[in-house]
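As a plain string of letters, each chain reads:
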Amino acid sequence: MKIFNTLSKSKEEFVPLEPGKVRMYVCGPTVYNYIHIGNARPMIVFDTVRRYFEYKGYEVNYVSNFTDVDDKIIKKALEEGVDSDTISRRYIAECKKDMESMNVKPATTHPQATQEIDGMLEMIRTLIDKGHAYAAQDGTVYFRTKSFPGYGKLSHKNLDELQSGFREIKVTGEEGKEDPSDFVLWKPKKEGEPFWESPWCQGRPGWHIECSVMSRKYLGEQIDIHAGGEDLVFPHHENEIAQSEAANGKPFATYWMHNAFLNIDNRKMSKSLGNFFTVREVGEKYDLQVLRFFMLSAHYRSPLNFSAELMEASRNGLERILTGVERLKDAGQKALGETVTAEEEGNLESARGLVAKYEAAMEDDFNTADAIAAIFELVKLANATVSGDSSRPYVEYLATTIKKLCDVLGVLTERKTEVLDGEVEALIARRQQARKEKNFALADQIRQQLLDMGILLEDTREGVKWKRA
Ligand code: AMP
Ligand code: ZN
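These numbers were taken from a predicted model, which means no experiment stands behind them.

Colleague: I tried to follow the nonpolar core on my own but got confused; where do I start?
Modeller: Most often, soluble globular proteins have nonpolar side chains that are buried together. Judged by nonpolar contacts, the single largest core of 88 residues is most densely connected at F53, M102, I225, L291, Y358 and F366. Here this core gets nine residues from one element, more than from any other, and that element is helix 1 (residues 37-55). The contact partners of M102, leaving out residues within four places of it in the chain, are I35, A40, M43, I44, V279, L288, Q289, L291 and R292. Core analysis: the second largest hydrophobic core is formed by 39 residues, V141, L185, C201 and L219 among them.

In structure tokens, the structure reads:
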């Protein structure tokens, strides 16, 4: 299995630290709002990586954190007049709901930064003792980048360049730094912020230290794969490497995987630019299986542009697979013969070839786009060859194989019967329009259609309300 490693900028053969096991850590979201579909890309991509390893028989220990102490959370808490915990608890719960609706498996462990402060204090202490960190006058603790010779190896930057770059940027409040490229491990509290006691000052951790600590606690000092979006390469992952390797005296992760951005109008989707759609919003318009299928229709290291056209194409692609699976199910319910014909033997040979093609695509740095193409070919083969005369083993092989390969991508092959809010609202709007045009027959027909879908309408003075029966 080949994985593109950001460290070496090349595809490398996957060799686990321990045979049959994969230890992987994926940086998770900062929880101050609903996640957007850009945040969903690493979730879907690395969940698929995990599923593929499991398909190959590996036992995967998958850790993904929630960053629950951060300026943005504190700001949101102040705006709402509640404490930070209320905000992070709410959005962790919402994020888990979104993950479930995208069929992203829960991690083996989902640690939270605020629950791991002791571990962070201990790692910071170790770094100070080893000369890799120092406390400034005001109690801020900085990592001494010059003390770590490998600094820059992930982002392929050299420290001198970095330092001259940083020199241009003067950050107020960081006057105590020995060097401009040093970064914060611990910082003093500000008025109204959550804080913890520490030997240096009452304060809170910098962002990077949490991942080094949680990764070590739940996966050990050395891990196989560390992953996240490409914006995390520098400084976040570079700093994680410095902290972990300086503290543990061992290489940290063997493979560093980074997904490219989900863009909109060719710009990165992000909260700060305001050009985002939340998973929740997209879920009102589309079955989130379509979103998952869309995300996997491109290679994870290629930028992907979100658009209605591509979502429609994904919906159609997924539909083709679901229809194929349904046809196989119908065929399987008929009384079929048990003997595989010579012609079917030939087709089975082709089908096995397509499975091999699928696996080869996945083993070439998780090329899900080509893997999906192999599934389409299997569906095409099924559509062209299955009939009332087919044998049971032949139909069953195709049905279970297509299902299994979709399952590895986390794509469900059962059609959802759940009715989406967006669909209901669109129908209600059409009914209102019909009533306005005095087309009561159509209005009644739509009311009945909604009733058949299990949706009850109530005409109130404030407008139409609806609920599920
Ligand atoms: P954040 O909450 O911003 O720390 O992001 C959580 C995860 O989502 C990180 O792995 C980011 O790299 C990733 N991410 C954020 N925005 C995008 C985007 N537009 N496309 C792909 N990944 C993203
Ligand atoms: Zn991280």
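Resuming the write-up.
Colleague: Got a minute to help me understand the pattern of salt bridges in this structure?
Modeller: Close approach of charged atoms allows side chains of opposite charge to pair. All told, the structure shown has 40 salt bridges when counted by the stated rule. Notably, a salt bridge pairs R280 with E94, separated by 2.8 Å at the nearest N-O pair. With R280 in helix 8 (residues 279-285) and E94 in helix 3 (residues 84-101), the pair connects residues that are 186 residues apart, well separated along the chain. A residue is classified by how much of its surface remains accessible, and R280, at 27% relative accessible area, is partly exposed. Each of the salt bridges in this network shares a partner with another, and the network as a whole consists of D47, R51, R292 and D407.

Colleague: Would you mind showing me how to read empty space enclosed by the protein here?
Modeller: Left-over empty space is what a probe sized like a water molecule reveals as it rolls over the atoms. Under the criterion given, the structure shown has one cavity of 30 Å³ or more. One number sums up the size of the largest cavity: a volume of about 60 Å³. Residue assignment for the lining of the largest cavity shows that the elements contributing at least two residues are helix 1 and helix 9 (288-296). Counting residues per element, the lining of the largest cavity draws most heavily on helix 1, at three residues. Residue composition of the lining of the largest cavity, by class: seven nonpolar, two polar and no charged.

Colleague: Help me understand the site of ligand 1, please; the structure alone is not making it clear to me.
Modeller: Contacts to ligand 1 come from 18 residues, most closely from G38, G229, D231, L262 and M269. Elements with a contribution of two residues or more to the shell around ligand 1: helix 1 and strand 9 (223-229). At three residues, the largest contribution of residues to the shell around ligand 1 is made by helix 1. Split into classes, the residues belonging to the shell around ligand 1 amount to eight nonpolar, eight polar and two charged.

Colleague: Would you explain the packing of helix 10 (residues 308-333) against helix 13 (residues 392-408) in this entry?
Modeller: A packed helix pair is summarised by two numbers, namely the angle formed by the two axes and the spacing between the axes. Between helix 10 and helix 13, whose axes approach to 10 Å, the crossing angle comes to 150°. Viewed along their axes, helix 10 and helix 13 adopt a mutual orientation that is roughly antiparallel. Classified by chirality, the crossing of helix 13 by helix 10 is left-handed. For the pair formed by helix 10 and helix 13, the contact residues are I321, V325, L328, A331 and G332 on the first element and R392, V395, L398, A399, I402, K403 and C406 on the second. Its residues assigned to classes, the contact of helix 10 with helix 13 comprises nine nonpolar, one polar and two charged.

Criteria and thresholds
- Residues numbered from 1 in each chain as written.
- Chains lettered and ligands numbered in written order.
- Predicted model: local features only at pLDDT ≥ 70, side-chain atom pairs only at ≥ 80, totals over all residues.
- Heavy atoms only, no water.
- Core = buried A, V, L, I, M, F, W, Y, C linked by side-chain atoms within 4.5 Å.
- Buried < 20%, exposed > 50% of the residue type's maximum accessible area, 1.4 Å probe, protein only.
- Helix = DSSP H or I, 4+ residues; strand = E, 2+ residues; numbered from the N terminus.
- Contact = heavy atoms within 4.5 Å.
- Salt bridge = Lys/Arg side-chain N within 4 Å of Asp/Glu carboxyl O.
- 1 Å grid on protein atoms, 1.4 Å probe; cavity = no way out; pocket = protein on both sides within 12 Å on 5 of 7 lines; lining within 4 Å.
- Points joined across faces, edges and corners; volume = space filled by probe spheres on them.
- Nonpolar A, V, L, I, M, F, W, Y, C, P; charged D, E, K, R; others polar.
- Near = heavy atom within 4 Å.
- Axes fitted to C-alpha atoms, helices over the stretch in contact; angles between N-to-C directions.
- Parallel < 35°, antiparallel > 145°, perpendicular 65-115°, else oblique.
- Left-handed = near helix turned anticlockwise from the far one by under 90°.

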